[in-house]
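As a plain string of letters, each chain reads:
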Amino acid sequence: MDFSTSPHSPITHLRYVAVAVPDFEATVEFNGGVWGLRQVADDRNVSFFAAAGSTEQYILRVRYAPEKRLDLIAFGAENVASVDALAERLIAAGVRIDREPAALETPGGGYGFRFFDPEGRLIEVSCHVEQRAARLLEPRESIPRKLSHVVINSTDIATTKAFYERHLGFRLSDWLEDRMCFLRTRVDHHILAISSGPHVALNHISFEMRGIDEYMRGSGRLIRHGNDPLWGPGRHGAGDNTFTYFLDPGGNVVEYTTELEKIHDDETWVPRRFEATPEAADHWGTGGLITDAMIPAMFNEPDKGLWTPSPI
């Protein structure tokens, strides 16, 4: 089945992002400290972090490795039948499979499989992962509510975009010129975006806050702790979400955001094209055009883990 002609994707949401970094201890301290996540498991130089407002067992996994890499991006699926059917379609299409559908041994268990996308990123799709207790964040509580989206750098946006549309059922929400496309599977404007880059790499990971006040308080907390923003605070055109970008100790860009646009009617939605003007980049005018510090940070280093299975 070609999902580019189907209105329904088997992918329900973005489950977690896993990274490997040489500066493991500092990255763990950052995420479990000033960034506001909760460390829920730690095993053999691997730490798992949850968000208080999310039922996901964890939304971020950090692993020690001598070289920085994106270990994998994990998406949720509806059920075992969806996982099995997707795996069968990918195998039939000649997609390289890393782990065939089976019970998962990571925290929360579940059932899933892993495969490589056209540029060698490792992708996991799973279902029936045990949910953890979540709670409503209080007003002014400036910690991440959930994982919002992930952005990847591609040397061939057209091919990468077509893969996620055709094989995983992602749908195009908007373009930023011809340099970035925003993709969704349900109502959130994007859970995945693909940006043009000089090499394949992680661009950034975005974490959703409770609201505007909590987003600003969180941004201020990072600044008070000596973490100068790479870009922001501001509000994007595409997605209409707020943004403040920081660099974590592992050398990856992370974002606080809130109020991401919702798309409730796939049939009537027409993807828009935004220009890279100051007004489109930042509706508020507080962050301005992308900064000189943000550009090399978001390009990141060439990913050393392409076409290589993650050990965890």
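Everything numeric here is computed off the predicted structure, so don't read it as measured data. (Residues numbered from 1 in each chain as written. Predicted model: local features only at pLDDT ≥ 70, side-chain atom pairs only at ≥ 80, totals over all residues. Heavy atoms only, no water.)

Things to note about the sheet that holds strand β13 (residues 201–208)
Working step 1: Taking strand neighbours across the sheet as the criterion, the nine strands line up as β14-β15-β16-β13-β9-β12-β11-β10-β17 in an open arrangement whose pairing is mixed. At either margin of the open sheet sits one strand with a lone partner, and together these are β14 (231–235) and β17 (272–274). Strand-to-strand twist in this sheet, taken as the mean axis angle between neighbours without regard to direction, amounts to 20°.
Working step 2: The strands touched by helix α4 (residues 212–224) are β14, β15 (242–247) and β16 (253–257); relative to β15, the strand with the most contacts, the crossing angle is about 20°. (Pairing = 2+ DSSP bridges. Helix = DSSP H or I, 4+ residues; strand = E, 2+ residues; numbered from the N terminus. Axes fitted to C-alpha atoms, helices over the stretch in contact; angles between N-to-C directions. Contact = heavy atoms within 4.5 Å.)

Points about helix α3 (residues 157–168)
One turn of an α-helix holds 3.6 residues; hence residues three or four places apart share an orientation.
Working step 1: Between its first and last C-alpha, α3 extends 16 Å over 12 residues, near the 16 Å set by a 1.5 Å rise per residue.
Working step 2: Counting buried positions over the 12 residues of α3 gives nine, a clear majority of the element.
Working step 3: Within the sequence span of α3, burial applies to Ile157, Thr160, Lys161, Ala162, Phe163, Tyr164, Glu165, His167 and Leu168.
Working step 4: At the exit of α3 stands glycine 169, carrying a positive phi of roughly 80°. (Expected span 1.5 Å × (residues − 1). Buried < 20%, exposed > 50% of the residue type's maximum accessible area, 1.4 Å probe, protein only.)

Quick look at the packing of aromatic side chains
Working step 1: Evaluation of the coordinates by the stated rule reveals 16 aromatic pairs.
Working step 2: A ring pair is formed by phenylalanine 75 and phenylalanine 170, whose centres lie 5.5 Å apart and whose planes are at 70°; its orientation type is edge-to-face. Here phenylalanine 75, found in strand β5 (residues 69–77), pairs with phenylalanine 170, found in the loop between α3 and β10 (171–176); they are 95 residues apart in sequence, far enough to count as distant. The residues phenylalanine 75 and phenylalanine 170 share a single accessibility class, namely buried.
Working step 3: Ring plane angle 50° and centroid distance 4.6 Å describe the contact between tryptophan 231 and phenylalanine 243, whose orientation is recorded as tilted. Separated by 12 residues along the polypeptide, tryptophan 231 in strand β14 and phenylalanine 243 in strand β15 bring together distant segments of the chain. Phenylalanine 243 carries the same exposure label as tryptophan 231, and that label is buried.
Working step 4: Counting every residue linked through ring pairs, the aromatic cluster contains Phe75, Phe113, Phe115, Phe163, Tyr164 and Phe170. (Phe/Tyr/Trp six-rings, centres within 6.5 Å; stacked < 30°, edge-to-face > 60°.)

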